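Working through the structure, step by step
Chain by chain, the residues run as shown.
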Amino acid sequence: MPLSRRGSPATSSSSVPSEEQNRFAGAKLEDFRGKIYELCKDQNGCRFLQKKLEEPDSHQLHLIFNEVQPHFVELMTEPFGNYLCQKLIEHCDDSQRDILVDTVAPDLLKISLNMHGTRAVQRFIEFLSTPQQIHAVTVALNPNVVTLIKDLNGNHVIQKCLHRLSAEHKQFIYDAVSENCIQVATHRHGCCVLQRCIDYASEAQKNQLVKVITWHALPLVQDPFGNYVVQYVLDLGDITYTDTIVRCFLEHVCDLSVQKFSSNVIEKCIRVAEPETRRLLVAELLNETNIEKLLRDSFANYVVQTCLEYADQDQRVQLVEYIRPLLPSIRSTPYGKRIHSKIQREQPQQGRQRGVRQHQSLGSLRYGNGNGGSFGYQNGDSSLAFGLPLIGNSGDPLYPYP
């Protein structure tokens, strides 16, 4: 007998599985009548039952269904049983699927939050075949949309609904997300689901979401996850969406530029904004008193660099004039070297070269004081409180609006 590494007789680890597999070799389903529920929770037994479901034999299907259906909720969350449930959902007829929907509907939330159950629920959604089934499932999910979205397993059930259901049948998701936009968008999983909501939305549903995202844009851009939602809308390339969101940040550009997450959004705004709106953004930075604070800030200096690349020629010249006297004091820093390189590499008269597509100008939308001065901050105002939170008061930190 061969010895193990420790010198004891080695047993064949493959002998037990092979003996178990031999139990089902050439076996008939009738041999296990009354024991099918137990087989569902056994790896080899579950495989045996799945193969029987794939055979075109309605008698076998009915036998398995009748013994499994009373235990369906439990089996959907079993490590092996969930695979049998998925196979049964796929092969049963509409009337049987109606019974399964009624069986699991009261426990759909619990099943969806389970690491095994979420897969079975997703398969259920794929094979919903009647309006009654769809209605039963959506009614069961409706009160718990936000809970599911924020869960590691449950969020995949909502995404499957977005992918498989019609616009009418998945409207409940858009209503829940719109009502709880801040809670969803500022969550690790929620921000991803919200982006998928935009992907699978009808035109009306997309407008519904973008409207509420725009309304909450100011607190969202300051959040580690919410800022990605705002950037996703900006990346859609829709002029109406883009210009409306960008204008939400006017009068807040300097404060947002010195914050870690919102500074990335401000950079993107400068890149994708309409020409007239971009001028308004850059104008807020063209303040001799504030520019040194922005240059020395670990986040805002990147915003200044983006302005040097995308600003109109006249604003760029003015920005360079403000920066040039400060270069000796910041040249030793990494960002100072990059700014110095940008200024030296591009002569003012060459203008800027854009790397993004041009948008049609919305000439009818005009903001500002009309005299070419700074927008949002008065020249010489040294009272800027850089880094102060813009997300409301302590009683309601995420809603800055009355």
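The following paragraphs examine the structure supplied in this document. (Residues numbered from 1 in each chain as written. Predicted model: local features only at pLDDT ≥ 70, side-chain atom pairs only at ≥ 80, totals over all residues. Heavy atoms only, no water.)

For the protein chain, the helix and strand inventory stands at 27 helices and zero strands. Each of the 402 residues in the protein chain was classed as buried or not, and the buried ones make up 47%. Put simply, of all contacts in the protein chain between residues at least 6 apart along the chain, 72% involve residues at least 24 apart. Put simply, the protein chain shows about 19600 Å² of open surface, and 50% of that area lies on carbon and sulfur atoms. (Helix = DSSP H or I, 4+ residues; strand = E, 2+ residues; numbered from the N terminus. Buried < 20%, exposed > 50% of the residue type's maximum accessible area, 1.4 Å probe, protein only. Contact = heavy atoms within 4.5 Å. Areas by Shrake-Rupley, 256 points an atom, 1.4 Å probe, with all protein chains shown as cover.)

Quick look at unusual backbone geometry now. Positive phi values are uncommon outside glycine, yet E251 reaches one of about 75°. Considering the arrangement of structural elements, one finds E251 in the loop between α19 (239-247) and α20 (253-257). Judged by its relative accessible area of 53%, E251 is exposed.

With respect to the helices, strands and loops of the structure, C92 is situated in the loop between α6 (81-91) and α7 (94-104). Judged by relative accessible area, which is 5%, C92 ranks as buried. It is 7.3 Å that separates the C-alpha atoms of C92 and L61, two residues lying 31 residues apart in sequence. Setting aside residues up to four positions removed in sequence, C92 forms contacts with L61, R97 and L100.

Moving on: the pattern of salt bridges. Counted under the stated rule, the structure contains 16 salt bridges. Here R247 makes a salt bridge to D243, at a shortest N to O gap of 2.7 Å. Of this pair, R247 and D243 both sit in helix α19, separated by four residues, roughly a single helical turn. One exposure class covers both R247 and D243, and it is buried. We note a salt bridge from E292 to R296, for which the minimum N-O separation is 3.3 Å. Of the two residues, E292 and R296 both sit in helix α23 (residues 288-296), four residues apart, roughly one turn of that helix. Taken together, the shared-partner salt bridges connect E90, R123, E126 and K160 into one network. (Salt bridge = Lys/Arg side-chain N within 4 Å of Asp/Glu carboxyl O.)

Right, let's talk about the nonpolar core for a bit. Core analysis: the biggest nonpolar cluster contains 116 residues, and F72, I213, F249 and I323 have the highest contact counts within it. If sequence neighbours within four positions are ignored, I323 has contacts with I291, L295, V304, L308, I339 and I343. (Core = buried A, V, L, I, M, F, W, Y, C linked by side-chain atoms within 4.5 Å.)

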